[in-house]
Structure formats: C-alpha cells, structure tokens
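Examining the three-dimensional arrangement
Residues per chain, in single letters:
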Amino acid sequence: MSSIYTGPVFEMARNQFSHVADYLEIPHSQRDRLLYPKRAIAISCPINLDNGETAVFQGYRVQHHLTLGPTKGGTRFAPSVDVGEVAALAIWMSWKCALAGLPYGGAKGGVTVDVHSLSKRELESLSRRYMQEMIPFVGPYIDVMAPDMGTNEQVMAWFMDTYSMYQGRTVNEIVTGKPVSSGGTEGRREATGLGVAHLVGRALEKIGLEPAKATAIIQGFGNVGSYAALELARQGVTLIGVSDHTACYYDPKGLDVDALLKHAEKHGSLRGFSTEAAFDPNEILSQPCDVLIPAAIERVIDEKVAPKLRCRILAEAANGPTTPEADEILDQRRDEIFVIPDILCNSGGVIVSYFEWVQDLQQLFWRRAEVINRLKDLLDDAFGRVMARVEKDKVSHRMAAMAIGVDKVAKAKATRGLFP
Ligand code: GLU
C-alpha cells in the first residue's frame, strides 16, 4: 500500500510491525488495517515573531487507532518532525498503551521547529496556535495530548488554556503532563525517568547484579534522562557517563548527579559542566558499563553501534533508539545484553498520564504515594508479562513486548468487526 508516511523512522515502525505480524501469524489481509493510522492532520501555524515578521510552522497530529478508546500521545517540537516520524511515534504509542493495559490508541503530534530559536512569547504563540488548529480533531474522549521532546508542563498549560477558552469552561482532561497547579497530577513530571529506573532495578535483579555495584551511562539529559539519573543514584547506581545535545562527560569514578541536575536547571543544558570529564559524544554509547540508557532520539543504536555495545542492560528510555538492523545483532547477543524495549521502558510517562486523565475526569486527586505505587504496579505487571512471553516462546524482549501490544489491538479489532 502506498501512503503519505515515508522516511526512515516510519520504515522502522513498519519493519518492526511486519516481524511481529509474522510471529503472531496475523493474516496479510489484516495487516494494513492494523498498521496504517486512522487519521493524519497537517496544519500551518502562522505566528508573529518578536522582530515583527510572520513565520509559518508546519504541524501534524497522527491518530493511529480508535479501537480501544481515545488516542493518546505526546507533542514534539523539533526540527526533525515530519509526518512519517510522527506516524511512527503514534504507532509505537499504540503498542505501548496496549502493553500497559491502558484504554487508549496511540497518537503523536509535532511541529517542525527548533524551540531554542524561539522566545518564550513566540513559543506561547506557537503552542496556542497549534492547539487552536487542532480543536476540531481532539477532545477528552477523542485524542489527549501530552509532552514530548521540546515541549513541557508550560506548553501543556497553554494547550489546556487555549482549548478551555474556546469551550468556555476549564477542560483539564484535554491534555496531560500539566503543572500540578493547573489540573496536573503528582508524579507526572518524574514518571518516565522513575519508571525507567524502576525497570532497570528489575533487570538488575534478573541478571543478579546489586544496584550499588552497577554503573550507568545516559544519553540525553532532558526530562527523562535527568529523572532516571536521579532515581538510579538513589538506588545506589553510579553514573559514569552522560551527554545531551550540547556536551558529553565520562568519568569511570562516577559523576555527581545532583551537581549535573543543578547545572542543567540553571543553564538549560549540560554545556560547561566540566572540562576534565569532557568526552567524545560519538564514543559514549560504546563505553563499558552495566546499564546503558539512550534517552534522547530515535535510531542512535544502528548496525555499526550495536556490535560495539559493552553494557549488560540496554534500557531504551527514548522512543525507537534501536534500528531493526541493530536489533538483529542484539538478538544474537541475547545472553550478553538484557534489553528493556522502549515501549516497556518508557511507558511510565503515559501510565501516569492515564492517571492524570482519570483524576481530571473524576475531579478526585490522588496523593503522590498512590500515583507512584500504582505506576510501579502496572510496570511490574507489564514486565512480568513480557518475561513470561520470552520464556514461553524464546523470542527477544522486544518481540515479546510488541507482540503483547499488537495482539491486544488485533484481537479488539477482530471482535469489534468492520463497520458498516
Ligand atoms: N510523549 C510520551 C511518550 O512518548 C508520553 C505520552 C503521554 O504521556 O501521553 O510516551
């Protein structure tokens, strides 16, 4: 089938799906229905720049399937955004939500923009215009947005405010990842990173390594990487390498996580943190460590990097960090490297988003401990189901996780049938 969805990231999502569909023996006639998104919305967002000019930014929202409930997923503001990337990310959200047992299909949105080039006022204009253009296509029971790369709690507050002003009432449940002061939930900000660290803890147990004896390297120090570092440090894990888009540091004796967090908070990035520990960002993924956490962008572990990995656990905090070609290599290295696949590893974010949506709909808010306990409970459940499938069918961790997600959506589609 030909479609508007092209590019390497979409090809990756399609390739993964086709492997899983073969393993699940899904009839070929059902495959396009499962893979191709239900809807894609493309918009032009004009905004007035501070210099008096008008700029137009391209925005997208892809809603993958509506079989299990509303669609759910983040909104990415990044230069790489195109409809193929957004579609792939929406598809991964579907398998992620289904694996976690959430009543959602996947969605993703984005604007092709370098947020660092915008002033705060310009970012607010763009955020509001993006949401305003999306109003006919989203809703608390249709499609619920959240943060992703380049967006944050403040952007979610602007989204919620824009939607609410058009409705004439406050509609907290239209987006998740909001500030706690504006209908957000306790625990959402740290949820993804905390979930990553929790699952790393489970994987360390499996390979029989004590956290206090383990070392970690994290690529990416945004919301996910920074909270993962903090939580791992709390568990006693030593962070020996870290990088973001501005800098890279490596010290086999250990880096000071609190100091890194303070520096990133103050300066907006890791640039200028240290001169002694400065390291080549192209080499950081292949340094020896126990836990390697790609927490930045897609496709950083390809067929060239995969043979060089010297970690025991690969915790995929980013979406799609490993290409299918690299996956084949990791499959051969199954006994050496324990992979926590992305749709499991970073699912803490959308799980707590689900809790936020439920609380907003009920107008009944939970304490932080309740949010975190329920998060760990769902993560443990998904982790257990993935491990059981690996045992039973002797498949890779990714195949097991994806199969559980895809199978759930396939069965729901089959039982609901085709309308009309
Ligand atoms: N953008 C995040 C993800 O990729 C979170 C999505 C959400 O909370 O809905 O999973």
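Here's what I pulled together on the structure shown here. (Residues numbered from 1 in each chain as written. Predicted model: local features only at pLDDT ≥ 70, side-chain atom pairs only at ≥ 80, totals over all residues. Heavy atoms only, no water.)

Attention now moves to the overall build of the protein chain. Along the backbone of the protein chain there are 13 helices and eleven strands. Its C-alpha atoms give the protein chain a radius of gyration of 21 Å, near enough to 22 Å, the size a compact globule of 420 residues would have. Across the 420 residues in the protein chain, those meeting the buried criterion constitute 59%. In the protein chain, the proportion of contacts linking residues at least 24 apart, taken out of those at least 6 apart, comes to 69%. Split by element, the accessible area of the protein chain, about 17,600 Å² in all, is 50% carbon and sulfur. (Helix = DSSP H or I, 4+ residues; strand = E, 2+ residues; numbered from the N terminus. Rg over C-alpha atoms; globule rule 2.2 N^0.38 Å. Buried < 20%, exposed > 50% of the residue type's maximum accessible area, 1.4 Å probe, protein only. Contact = heavy atoms within 4.5 Å. Areas by Shrake-Rupley, 256 points an atom, 1.4 Å probe, with all protein chains shown as cover.)

Right, let's get into the packing of aromatic side chains. In this structure the tally under the stated criterion is 14 aromatic pairs. Measuring from ring centre to ring centre gives 6.2 Å for Phe-77 and Tyr-130, while their planes differ by 80°; the resulting arrangement is edge-to-face. One end of the pair, Phe-77, is in strand E3 (residues 71-78); the other, Tyr-130, is in helix H4 (residues 120-134), with 53 residues separating them in the sequence. Through a chain of ring-to-ring contacts, the aromatic side chains of Tyr-104, Tyr-141, Tyr-354, Phe-355, Trp-357 and Trp-366 assemble into a single cluster. (Phe/Tyr/Trp six-rings, centres within 6.5 Å; stacked < 30°, edge-to-face > 60°.)

Let us now look at the sheet that holds strand E1 (residues 39-48). On the basis of which strands lie adjacent, the open sheet formed by five strands has the order E1-E2-E4-E3-E5 and mixed pairing. One side of each edge strand has no neighbouring strand; the edge strands of this open sheet are E1 and strand E5 (143-147). The average angle at which neighbouring strand axes cross in this sheet is 25°, direction not considered. (Pairing = 2+ DSSP bridges. Axes fitted to C-alpha atoms, helices over the stretch in contact; angles between N-to-C directions.)

Next up on the list: the packing of helix H1 (residues 8-24) against helix H3 (residues 83-100). Contact pair H1 / H3: the axes reach a minimum separation of 7 Å and the direction vectors enclose 35°. As for how H1 packs across H3, the hand of that crossing is left-handed. Note on element contacts: H3 touches H1 through Gly-84, Glu-85, Ala-87, Ala-88, Ile-91, Trp-92 and Trp-95, opposite Val-9, Phe-10, Met-12, Ala-13, Gln-16 and Phe-17. Partitioned by chemical class, the residues of the contact of H1 with H3 number ten nonpolar, two polar and one charged. (Left-handed = near helix turned anticlockwise from the far one by under 90°. Nonpolar A, V, L, I, M, F, W, Y, C, P; charged D, E, K, R; others polar.)

What follows is about the pattern of salt bridges. One pass over the structure, following the stated rule, counts 30 salt bridges. In this structure, Arg-385 engages Asp-381 in a salt bridge whose closest nitrogen and oxygen atoms are separated by 3.2 Å. Taken together, the residues Arg-385 and Asp-381, both in helix H12 (residues 368-393) and four residues apart, mark about one turn of the helix. The exposure class of Arg-385 is partly exposed, given its relative accessible area of 29%. Taking relative accessible area as the criterion, Asp-381 reaches 42% and is therefore assigned partly exposed. (Salt bridge = Lys/Arg side-chain N within 4 Å of Asp/Glu carboxyl O.)

On to the site of the ligand, then. Taken together, 14 residues surround the ligand, and among them Lys-72, Lys-96, Lys-108, Asp-148 and Ser-353 come closest. The side chain of Lys-108 places a nitrogen or oxygen atom 2.9 Å from an oxygen atom of the ligand. One of the side-chain nitrogen or oxygen atoms of Asp-148 is found 2.8 Å away from a nitrogen atom of the ligand. In isolation the ligand exposes 300 Å². Once the protein is present, 94% of that is buried. Breaking the shell around the ligand down by element, the ones donating at least two residues are E3, H3, E5 and helix H11 (348-362). For the shell around the ligand, the class distribution of residues is four nonpolar, five polar and five charged. (Near = heavy atom within 4 Å. Polar contact = N/O pair within 3.5 Å; in protein donor to acceptor, adjacent residues only side chain to side chain.)

Under the 1.5 Å per step criterion, the end-to-end length of helix H13 (residues 397-416) is 29 Å for 20 residues, consistent within 8% with the ideal 28 Å. H13 sits mainly inside the fold: 14 of its 20 residues count as buried. In the segment just after H13, Gly-417 is the residue with positive phi, at about 75°. (Expected span 1.5 Å × (residues − 1).)

Moving on to unusual backbone geometry. With omega at 5°, the peptide bond leading from Phe-419 into Pro-420 counts as cis. Topologically, Pro-420 is positioned in the segment after H13. At Gln-363, a residue that is not glycine, the phi angle is positive and equals roughly 55°. With respect to the element layout, Gln-363 can be found in the loop between H11 and H12. Even without being glycine, Lys-394 reaches a positive phi, approximately 55°. Within the secondary structure, Lys-394 is located in the loop between H12 and H13. Residue classification places Lys-394 among the exposed residues on the basis of a relative accessible area of 57%.

With their axes 10 Å apart at the nearest point, H1 and H13 run at an angle of 80° to one another. On the basis of the axis angle, H1 is roughly perpendicular to H13. Residues Gln-16, Phe-17, His-19, Val-20, Tyr-23 and Leu-24 of H1 pack against Arg-398, Met-399, Met-402, Ala-403, Val-406 and Asp-407 of H13. Counted by class, the contact of H1 with H13 contains eight nonpolar, two polar and two charged residues. (Parallel < 35°, antiparallel > 145°, perpendicular 65-115°, else oblique.)

Moving on to helix H6 (residues 188-207). Between the first and last C-alpha of H6 there are 29 Å, a value that for 20 residues agrees with the 28 Å anticipated at 1.5 Å per step. H6 sits mainly inside the fold: 15 of its 20 residues count as buried. Downstream of H6 by a residue or two, Gly-208 has a phi angle that is positive, lying close to 75°.

Judged by side-chain polarity, Tyr-141, Ile-142 and Leu-361 come together as a nonpolar surface patch covering roughly 290 Å² of accessible area. Structurally, Ile-142 can be placed in the loop between H4 and E5. Residue classification places Ile-142 among the partly exposed residues on the basis of a relative accessible area of 37%. (Patch = residues over 30% accessible without salt bridge, like charges linked within 9 Å, V, L, I, M, F, W, Y side chains within 5 Å.)

Counting residues in hydrophobic clusters, the biggest one holds 99 residues, and the most contacted among them are Trp-92, Trp-95, Val-196, Val-200, Ile-293, Ile-340 and Val-386. Tallying contributions element by element places H3 first for this core, with 14 residues. In this structure Trp-92 touches Val-9, Met-12, Ala-13, Gln-16, Glu-298, Asn-319, Gly-320 and Ile-343, once residues within four positions along its chain are discounted. If you look at the next biggest cluster of nonpolar residues, it comprises 29 residues, including Ile-41, Leu-118, Leu-126 and Tyr-163. (Core = buried A, V, L, I, M, F, W, Y, C linked by side-chain atoms within 4.5 Å.)

Any functional reading would require information beyond the geometric quantities listed.
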